[in-house]
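Working through the structure, step by step
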Amino acid sequence: MQYTFQELETLRDFYAGQLLNDTVPFWFPRSFDREHGGFLLMRDADGQLLDDDKAVWIQGRATWLLSTLYNTVMPNPEWLEGARLGYEFLINHCFDTDGRMFFHVARNGAPIRKRRYFFSETFAVIAMAAYARATANEQAAQRARDLFGRCIEYATTPGLLEPKFEPTRPARGIGVPMIMLNTAQQLRDTIGDPRCDALIGQWIDEIGTYFVKDDIRCVMEQVAPDGSIIDHIDGRTLNPGHAIEGAWFILHEALHRHHDARLIRLGCKMLDYMWERGWDEEYGGILYFRDVYNRPVQEYWQDMKFWWPHNEAIIATLLASLVTGDPKYARWHKQVHEYSYTHFHDAQNGEWYGYLHRDGSIAQTAKGNLFKGPFHLPRQEWYCMQMLNNYLQKNSVWSGVSHC
């Protein structure tokens, strides 16, 4: 199938409506913490607060979202006020004395937990950059660039954030080049940074060289330093939704680089391989974990359906459809879109449930916790709305490209 122009208009209007009338109003302004700053995001299905602790990376994500909506959708002063609450909470409460960020803090910012990985920092970079653009705040822009520099150091200095011992089974993971790729894209697109283009190219090359396995049609989550498969449970475990997220990051970069054919091929391969691995032919939806050799997976939630892989698959399939014109991507997009808005969406209260059993029944009702908040779903709806607007306005620029 292929979408008609009118169907794409309908999709654009649907995503815009869901974003602005359903998803964002679930979170804001009720989650603004006007007493301590930041956001209170651990909420049940009806919006009731479950816990007043704060996950630092989601504080950054929410600040990015509100700033981005202000920058690209409309200059809503309420969104800007929320972004200010998030930005000030991040800089005043979320950094340890060594310059690293906490992962989990109390409502007042008192530290609870710190982790060795630096994802809190990457989301703070994009939050600061988007806020700087919204406010023309050069200090925020410089903070974003400086923190990005520290993230580069963490990403490129082996062992810097690890315990001081030599691992007996060294590995490289796809998570670092993926998160750094998207962080650099966001920084470049909001306030600019001359380091970004070259580094983005390096991280894409790392993903394509080490993690994409054409011979067995998959994208690995971790590999040995030379790119070979580590034949142990962790090394064999695939996360289809995560790799599909990486696929659309690369397709987005292909558009930025004037429909770069090599990047389109790479992004489409990643989407193809992991759709084949992850789509549940019996019940629909994206399975959370798979084993590269179809052996048992260690984690008990391996066959559940989490919200965020479906957000990433909706973006990736729609983007691939518009870029290539290949009808299979429109068909896949229709499948994952219909599954997701049928099973995850809470029509009564707004937003999405986060966790389903394999058969699509609701596993638990929380809309927000240390890992779920206002990011993957509103980013998906915002990105698809923007993408479709661009396509509908410049259809002749995007049509007729077929590289996959």
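Up top you'll find the structure we're talking about.
Now for a description of the structure that goes with this document. (Residues numbered from 1 in each chain as written. Predicted model: local features only at pLDDT ≥ 70, side-chain atom pairs only at ≥ 80, totals over all residues. Heavy atoms only, no water.)

**A short note on the overall build of the protein chain**
Which entries qualify depends on this criterion: Secondary structure follows DSSP: runs of H or I at least 4 residues long count as helices, runs of E at least 2 residues long count as strands, and numbering of each begins at the N terminus. Two things to know: the radius of gyration comes from C-alpha atoms, and the globule rule equals 2.2 Å times the number of residues to the power 0.38. Exposed residues in this analysis have more than 50% of their type's maximum accessible area, buried residues have under 20%, and partly exposed residues fall in between, with area computed by a 1.4 Å probe over protein chains only. Whether two residues are in contact is decided by their heavy atoms: any pair within 4.5 Å suffices. The Shrake-Rupley method, run with a 1.4 Å probe, gives the accessible areas here. Residue values count only the displayed protein chains as cover. Neither His nor the chain termini are counted; the positive set is Lys and Arg, and the negative set is Asp and Glu. Think of each charge as sitting on NZ of Lys, CZ of Arg, CG of Asp or CD of Glu.
Helix and strand counts for the protein chain come out as 14 helices and 14 strands. Against the 2.2 N^0.38 benchmark of 22 Å for 404 residues, the protein chain shows a C-alpha radius of gyration of 20 Å, consistent with a compact globule. Viewed in the frame of its principal axes, the protein chain has a C-alpha envelope of about 55 × 50 × 45 Å. Scored against the burial criterion, the 404 residues of the protein chain give a buried share of 58%. By sequence separation, contacts in the protein chain at least 24 residues apart represent 66% of the contacts at least 6 residues apart. Working note: accessible area of the protein chain is about 16200 Å², and carbon and sulfur atoms make up 48% of it. Averaging the positions of the 41 positive and the 51 negative side-chain charges in the protein chain gives two centres separated by 2 Å.

**Focus on the nonpolar core**
Inside soluble globular proteins, nonpolar side chains tend to come together where they are buried. The following threshold applies: We call a set of buried residues a nonpolar core when its members are Ala, Val, Leu, Ile, Met, Phe, Trp, Tyr or Cys and they connect through side-chain atoms within 4.5 Å of each other.
Residues Y15, F28 and F148 are the most contacted members of the largest nonpolar core, which totals 133 residues. For this core, the leading source of residues is helix α11 (residues 307–324), giving eleven residues. Beyond its immediate chain neighbours, meaning those up to four positions away, F148 contacts V125, M180, T183, A184, L187, D193, R195, C196, L199 and W203.

**Observations concerning the sheet that holds strand β5 (residues 111–113)**
As a reminder, the rule being used: Strand pairing is assigned whenever DSSP detects at least two bridges linking the two strands.
In spatial order, the strands read β3-β4-β5; together these three strands make up an open sheet with antiparallel pairing. Single-partner strands in this sheet number two, and they are β3 (54–55) and β5. Note: strand β4 (residues 104–105) against β5, two bridges, orientation antiparallel. Paired with H104 across the bridge in β5 is R113.

**Details of the pattern of salt bridges**
Just so we agree on the cut-off: Salt bridge, as used here: a side-chain nitrogen of Lys or Arg that lies within 4 Å of a carboxyl oxygen of Asp or Glu.
The full count for this structure, using the stated rule, is 31 salt bridges. Residues R188 and D197 are paired through a salt bridge, measuring 2.9 Å at the closest nitrogen-oxygen approach. Between R379 and E245 there is a salt bridge whose closest N-O contact spans 2.8 Å. Taken together, the residues R379 in helix α13 (residues 376–393) and E245 in helix α9 (residues 240–256) connect sequence positions 134 residues apart. The same class applies to R379 as to E245, namely buried. Linked through salt bridges whose partners overlap, the residues forming this network are R188, D189, D197, E253 and R257.

**Considerations on the packing of helix α2 (residues 56–72) against helix α3 (residues 77–93)**
Just so we agree on the cut-off: Between N-to-C directions, angles span 0 to 180 degrees; the directions come from axes that are lines fitted to C-alpha atoms, helices contributing only their stretch in contact. The labels follow the angle: roughly parallel below 35 degrees, roughly antiparallel above 145, roughly perpendicular from 65 to 115, and oblique for the rest. Crossing handedness is read from the near helix: turned anticlockwise from the far helix by less than a right angle, it gives a left-handed crossing, and turned clockwise, a right-handed one. Residue polarity is assigned by list, with Asp, Glu, Lys and Arg as charged and Ala, Val, Leu, Ile, Met, Phe, Trp, Tyr, Cys and Pro as nonpolar; anything else, Gly included, falls into the polar class.
For the pair α2 and α3, the least separation of the axes is 8 Å and the interaxial angle reads 150°. With respect to their mutual orientation, α2 and α3 come out roughly antiparallel. As α2 runs across α3, the sense of the crossing is left-handed. From α2, V56, Q59, G60, T63, L66, S67, L69 and Y70 reach across to α3, where they touch W79, L80, G82, A83, G86, Y87, F89 and L90. In the contact of α2 with α3, the residues fall into ten nonpolar, six polar and no charged.

**Quick look at the side chain of E245**
When its relative accessible area of 8% is taken as the criterion, E245 is described as buried. In this structure E245 touches M178, W308, E312, H376 and R379, once residues within four positions along its chain are discounted.

**Things to note about the sheet that holds strand β13 (residues 355–356)**
One open sheet accounts for three strands, arranged β12-β13-β14; its pairing is antiparallel. Edge strands, defined here as strands with exactly one partner in the open sheet, are β12 (305–306) and β14 (362–364). Pairing analysis gives two bridges linking β12 to β13, with the strands arranged antiparallel. Along β13, the bridge assignment pairs K305 with L356.

**Considering helix α4 (residues 119–135)**
Here is the rule: Here a helix's expected span is defined as the number of its residues, less one, multiplied by 1.5 Å.
With 17 residues, α4 extends 24 Å from end C-alpha to end C-alpha; this agrees with the ideal 24 Å at 1.5 Å per step. Counting buried positions along α4 yields 14 of 17 residues, so the element is predominantly enclosed. Trailing α4 by a residue or two, A136 shows a phi angle of about 55°, which is positive.

**Points about the packing of aromatic side chains**
Stated formally: Any pair of Phe, Tyr and Trp rings, taking the six-membered ring for Trp, is counted once the centres come within 6.5 Å. Such a pair is stacked with planes under 30 degrees apart, edge-to-face with planes over 60 apart, and tilted for the rest.
Scanning the entire structure with this criterion turns up 36 aromatic pairs. Ring centres 5.6 Å apart and planes at 35° place the aromatic pair F28 and F32 in the tilted group. The exposure classification of F28 matches that of F32, with both residues buried. Relative to Y117, the ring of F103 lies with its centre 6.4 Å away and its plane at 85°, an arrangement referred to as edge-to-face.

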